[in-house]
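# Coordinate analysis (summary)
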Amino acid sequence: MDIAADGLQALLDAGGGGTLGERMGVKLLEASPERVVGTMPVEGNTQPYGLLHGGASCVLAETLGSVGAVLHGQSVDRPFAVGVDINATHHKGVRSGLVTGVATPVHRGRTMVTYEVVITDDLDERICTARITCLLRGA
């Protein structure tokens, strides 16, 4: 296993999103280049009005998209993913429960990958749609 794969396995073993993701309660449930699924609690990740913070949704989206990018990058001998763009549209506020993000590829090339991440609430209603693009780098 190369360094990136070891790092990804440690990330998966730890539950998901590195130090920031750990503080925010991100948990990876499924991970492949075709689909990455994770959850995050709303509690502890809210803005002053008690709604899920938009930045928290971006953390979940970037975590899931980056994991997908690393997994794809391993197949093209470019196992290091560096985020270069993220955007998010927040459709609905949520005050409690878990949110679930599902990242699926929009484009998977040799040097760039883009994932769409749909985040839903406990009622399976879409609360956010994000897109993350990562640059793939070699070892």
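It should be emphasised that the depicted structure is a prediction, and the values quoted were computed from it without experimental measurement.

So, about the sheet that holds strand E2 (residues 35-41). The strand order E1-E2-E4-E5-E6-E3 describes an open sheet built from 6 strands, whose pairing is antiparallel. Only two strands of the sheet have a single neighbouring strand rather than two, namely strand E1 (27-32) and strand E3 (80-90). Pairs of neighbouring strands in the sheet enclose a mean axial angle of 20°, with direction left out of account. The pairing of E3 with strand E6 (residues 126-137) spans 10 bridges and is classified as antiparallel. The residue bridging valine 82 from the neighbouring strand is leucine 135, located in E6.

The next subject is the pairing of strand E5 (residues 112-120). The buried fraction of E5 is high, at 7 of 9 residues. Sheet topology note: the strand E4 (residues 98-108)/E5 ladder contains 8 bridges and is antiparallel. By the bridge assignment, valine 102 is partnered in E5 with valine 118. Hairpin connection, E4 to E5: the antiparallel pair is bridged by 3 residues. The antiparallel hairpin formed by E5 and E6 contains 5 residues in its connecting segment, where aspartate 124 sits at a positive phi of about 65°.

Below, the discussion takes up the pairing of E6. Relative to E6, E5 runs antiparallel, the two being bridged by 9 bridges. Residue pairing across strands places isoleucine 119 opposite cysteine 128, the latter belonging to E6.

For the rest of this paragraph, the subject is the nonpolar core. Met40, Leu52, Val99 and Val117 are the most contacted members of the largest nonpolar core, which has 29 residues in total. Where this core is concerned, the elements lending two or more residues are E2, helix H3 (54-75), E4, E5 and E6. Per-element accounting of this core gives the leading share, 8 residues, to H3. Ignoring any residue separated from it by four or fewer positions in sequence, one finds methionine 40 in contact with Met24, Gly25, Val26, Asn45, Leu52, Ala56, Ser57, Leu60, Gly97, Leu98 and Val99.

It is worth spelling out the side chain of threonine 114 at this point. Here threonine 114 is to be found in strand E5. Classification of threonine 114 by relative accessible area gives buried; the value is 11%. Polar contacts involving the side chain of threonine 114 include one to the side chain of threonine 133, which spans 2.9 Å. With residues up to four places along the chain from it excluded, the contact list for threonine 114 reads Thr104, Pro105, Val106, His107, Arg131, Ile132 and Thr133.

On the surface, Val82, Val84, Met112 and Leu135 cluster together into a nonpolar patch covering about 280 Å² of accessible area. If you trace the backbone, valine 84 turns up in strand E3.

The subject of this paragraph is unusual backbone geometry. Despite not being glycine, aspartate 77 shows a phi value in the positive range, around 60°. The topology assignment puts aspartate 77 in the loop between H3 and E3. Look at aspartate 124: it is not a glycine, yet its phi comes out positive at around 65°. Of note, aspartate 124 is situated in the loop between E5 and E6.

The rules we used
- Each chain has its residues counted from 1, running along the sequence as written.
- Given that the model is predicted, a residue must reach a pLDDT of at least 70 before its local features are reported, and side-chain atom pairs must reach 80 or more before they are shown or counted; all residues, however, enter totals for whole chains, interfaces and linings.
- Side-chain calculation: all heavy atoms of the structure are included, whereas hydrogens and water are not.
- Should DSSP find at least two bridges between two strands, the strands are regarded as paired.
- Numbering of helices and strands starts at the N terminus; helices are DSSP runs of H or I of at least 4 residues and strands are runs of E of at least 2.
- To get an axis, fit a line to the C-alpha atoms, keeping to the stretch in contact for a helix; angles then go from 0 to 180 degrees between the N-to-C directions.
- Burial classes: relative accessible area under 20% of the type maximum marks a residue as buried, over 50% as exposed, and values in between as partly exposed (1.4 Å probe, protein chains only).
- Among buried residues, those of type Ala, Val, Leu, Ile, Met, Phe, Trp, Tyr and Cys that are joined through side-chain atoms within 4.5 Å constitute a nonpolar core.
- We call two residues in contact when some of their heavy atoms are within 4.5 Å.
- Whenever a nitrogen or oxygen atom comes within 3.5 Å of another N or O atom, the pair is scored as a polar contact, on the condition that within protein one atom can donate a hydrogen and the other can accept it, and that pairs from neighbouring residues in sequence are kept only if both atoms are in side chains.
- In this analysis, a patch consists of residues with relative accessible area above 30% that form no salt bridge, clustered at 9 Å for like charges and at 5 Å for the nonpolar side chains Val, Leu, Ile, Met, Phe, Trp and Tyr.
- Accessible surface is estimated by sampling points in the Shrake-Rupley manner with a 1.4 Å probe; for residues, cover comes only from the protein chains shown.
- Salt bridges, as used here, are contacts in which a Lys or Arg side-chain nitrogen is within 4 Å of a carboxyl oxygen on Asp or Glu.

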